[in-house]
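What the coordinates show
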There are 2 protein chains.
Amino acid sequence: MELALAEARTAAARGEVPVGAVVTDSAGTVLARAGNEVEARRDPSAHAEMLALREAAAATGDKVLPEATLWVTLEPCAMCAAAASFFRVKRVVFGAYDPKGGAVEHGPRFFAQPTCHHAPEVVGGVRESEAAALLRDFFAGLRQG
Amino acid sequence: MELALAEARTAAARGEVPVGAVVTDSAGTVLARAGNEVEARRDPSAHAEMLALREAAAATGDKVLPEATLWVTLEPCAMCAAAASFFRVKRVVFGAYDPKGGAVEHGPRFFAQPTCHHAPEVVGGVRESEAAALLRDFFAGLRQG
């Protein structure tokens, strides 16, 4: 999660909403890491998780990541939760909870839906306060800016 | 929808699950069209809708598509429904209903969630039988193959 937080900080420095994601294999080796690139790519689907999942699959040469853990600083939205399911990751570990847009513990709770055909293990709240502080500071800065 | 069906047929010919998507602007001009490329890209997130939405935004130079209609031959999944919301499309028109994986009229019904901050207008069942037949024939062929 340290690396994911670093990606989130780097994203903030680029003017992006500070969310970072890392994908590791079963040995804990980093397969991919990414920060949010919505502004840089002018692409609202360029969330950190989407970029990291695609990069990890490309790195392994496989279409799915059944042994992988997705580490992300914020509770995934519906798009990213569904993508994590499609990439068949073993585990999702996230930092801050997101009552406004999260889709794991909030809203659609995608992994608990009957239309979700692969539900990863989920661990939420890992280094939650640091991840949340990054987001809070970023949005406070925007309001002041 | 004719173009989206054509994209789906082309996808089937490439060995992809036959789903096609088109994005049009307010005048009906085609901004982007794509078929499913999950196998070709070895990327489970390369659904037709995701590719078409990204391409349409790139074509307009804008990050969002508030006047656009997304035409897709199959009810969008949670990933694509959330993406359509993030791209702020005005309307989603789909063909076949997808009780197993759809997220508009089934499962999470994403656009009706309080965590969905932009809900497009939705029209389902447009040229439903043709879109469904393409999928049915594709999977029947797989079982025989």
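Residues numbered from 1 in each chain as written. Chains lettered and ligands numbered in written order. Predicted model: local features only at pLDDT ≥ 70, side-chain atom pairs only at ≥ 80, totals over all residues. Heavy atoms only, no water.

Formally: UniProt positions are given in the numbering used here, feature names are shortened, and annotations may be inferred rather than shown by experiment.
Chain A goes by tRNA-specific adenosine deaminase in an unreviewed UniProt entry, where it is assigned to Falsiroseomonas bella. Quoted verbatim from the Sequence similarities (unreviewed entry) heading of the UniProt record, the comment on chain A is "Belongs to the cytidine and deoxycytidylate deaminase family." As recorded by UniProt, the Subunit (unreviewed entry) comment attached to chain A reads in full: "Homodimer."

Structural notes on the UniProt feature "binding site: Zn(2+)" (unreviewed entry) in chain A
Note the cut-off: Labels follow the DSSP assignment, with helices taken as runs of H or I lasting at least four residues and strands as runs of E lasting at least two, numbered in each case from the N terminus. Contacts were defined at the residue level, with two residues in contact if any of their heavy atoms lie within 4.5 Å. Exposure categories follow from relative accessible area, calculated using a 1.4 Å probe and restricted to protein chains: below 20% of the type maximum is buried, above 50% is exposed, and the middle band is partly exposed.
With numbering aligned to this structure, UniProt lists the feature "binding site: Zn(2+)" (unreviewed entry) at A:His47, A:Cys77 and A:Cys80. Across 34 residues of sequence, these annotated residues stay compact in space, with a maximum C-alpha separation of 9.3 Å. Its location among the elements puts A:Cys77 in the loop between strand 3 (69-74) and helix 4 (78-86). With near-sequence residues (within four places) excluded, A:Cys77 lies in contact with A:His47, A:Glu49, A:Gly101, A:Ala103 and B:Phe86. Judged by relative accessible area, which is 1%, A:Cys80 ranks as buried. In this structure, A:Cys80 is in contact with A:His47, A:Glu49 and A:Met50, ignoring residues within four places of it in sequence.

Focus on the interface of chain A and chain B
Inclusion rule: Throughout, buried area stands for the accessible area (probe radius 1.4 Å) lost by two parts on being put together, summed over both. By definition here, a salt bridge exists when the distance from a side-chain nitrogen of Lys or Arg to a carboxyl oxygen of Asp or Glu is within 4 Å. Whenever two N or O atoms come within 3.5 Å, that pair is a polar contact, provided that in protein one can donate a hydrogen and the other can accept it, and provided that, for residues adjacent in sequence, both atoms are side-chain atoms. Three categories are distinguished: nonpolar for Ala, Val, Leu, Ile, Met, Phe, Trp, Tyr, Cys and Pro, charged for Asp, Glu, Lys and Arg, and polar for the others, with Gly belonging to the last.
Across the contact, 29 residues belong to chain A and 29 residues belong to chain B. Summing both partners gives a buried area of about 2,400 Å² for chain A against chain B, and 65% of it is carried by carbon and sulfur. On the surface where chain A and chain B come into contact, there are 6 salt bridges. One salt bridge connects B:Arg54 with A:Asp43, and the closest N-O pair in it is separated by 4.0 Å. Run the count over chain A and chain B and you get 8 residue pairs in polar contact (both at pLDDT 80 or more). Elements with a contribution of two residues or more to the side of chain A that touches chain B: helix 2 (38-41), helix 3 (48-60) and helix 4 of chain A. When residues in the side of chain A that touches chain B are grouped by element, the largest group, 5 residues, is from helix 4 of chain A. Class assignment of the residues belonging to the side of chain A that touches chain B gives a composition of 13 nonpolar, 9 polar and 7 charged.

Quick word on the environment of A:Ser26
Residue and element names in this part refer to chain A. Here Ser26 is to be found in the loop between strand 1 (20-24) and strand 2 (30-35). Given the relative accessible area of 59%, Ser26 is considered exposed. Separated by 41 residues in the primary sequence, Ser26 and Glu67 have C-alpha atoms spaced 5.4 Å apart.

With respect to the sheet that holds strand 2 (residues 30-35) of chain B
Residue and element names in this part refer to chain B. The following threshold applies: A pair of strands is labelled paired if DSSP reports no fewer than 2 bridges between them. Axis angles are defined between N-to-C directions and span 0 to 180 degrees, where every axis is a line fitted to C-alpha atoms and, for a helix, only to the segment in contact.
The 5 strands lie next to each other as 2-1-3-4-5, forming an open sheet whose pairing is mixed. The strands lining the two open edges of the sheet, one partner per strand, are strand 2 and strand 5 (121-123). Each strand axis lies, on average, 15° off the axis of its neighbour in the sheet, ignoring direction. Bridge count between strand 1 (residues 20-24) and strand 3 (residues 69-74): 4 bridges; the pairing is antiparallel. Bridge assignment links Val23 to a residue of strand 3, and that residue is Leu70. Each of strand 1, strand 2 and strand 3 is contacted by helix 3 (residues 48-60), which is oriented at about 150° to strand 2, the strand it contacts most.

Notes on the nonpolar core
Looking at soluble globular proteins, one finds that nonpolar side chains tend to be buried together. Test applied: What makes a nonpolar core is a set of buried Ala, Val, Leu, Ile, Met, Phe, Trp, Tyr and Cys residues whose side-chain atoms join them at distances within 4.5 Å.
Core analysis: the biggest nonpolar cluster contains 91 residues, and A:Leu53, A:Met79, B:Val23, B:Leu53, B:Leu65 and B:Met79 have the highest contact counts within it. Apart from the residues within four sequence positions on either side, A:Leu53 is in contact with A:Val23, A:Leu65, A:Leu70, A:Ala83, A:Ala84, A:Phe87 and A:Val89.

Concerning the pattern of salt bridges
Residue and element names in this part refer to chain A. If you walk through the whole model with that rule in mind, you get 16 salt bridges over all chains. When the shortest N-O distance is used, the salt bridge between Glu7 and Arg33 registers 2.7 Å. Placement of Glu7 in helix 1 (residues 2-13) and of Arg33 in strand 2 is noted, with a sequence separation of 26 residues between them. The exposure class assigned to Glu7 is buried, which follows from its relative accessible area of 12%. Salt bridges sharing common partners tie together Glu2, Arg9, Arg127 and Glu130.

Concerning the relation of the copies chain A and chain B
Test applied: The atoms used to superpose the copies are C-alpha atoms, taken from residues with pLDDT of at least 70 in both, and the fit is least squares.
With an RMSD of 0.0 Å, the fit of chain A onto chain B corresponds to turning through 180° and sliding 0.0 Å along the axis. With respect to symmetry, the two chain copies, as superposed, fit the operation of a two-fold axis. Within chain A, A:Met79 has its C-alpha nearest the rotation axis, a separation of 1.8 Å.

Points about the environment of A:Thr69
Residues and elements named next belong to chain A. Here Thr69 lies in strand 3. Of the residues examined, Thr69 reaches a relative accessible area of 7% and is grouped as buried. In the structure, Thr69 is positioned 15 residues away from Ala84 in sequence and 9.6 Å away in space, judged by C-alpha atoms. Those residues in contact with Thr69 that lie beyond four places of it in its chain are Val22, Val23, Thr24, Arg91 and Val93. Engagement of the side chain of Thr69 in a polar contact is seen with the side chain of Arg91, the distance being 3.4 Å.

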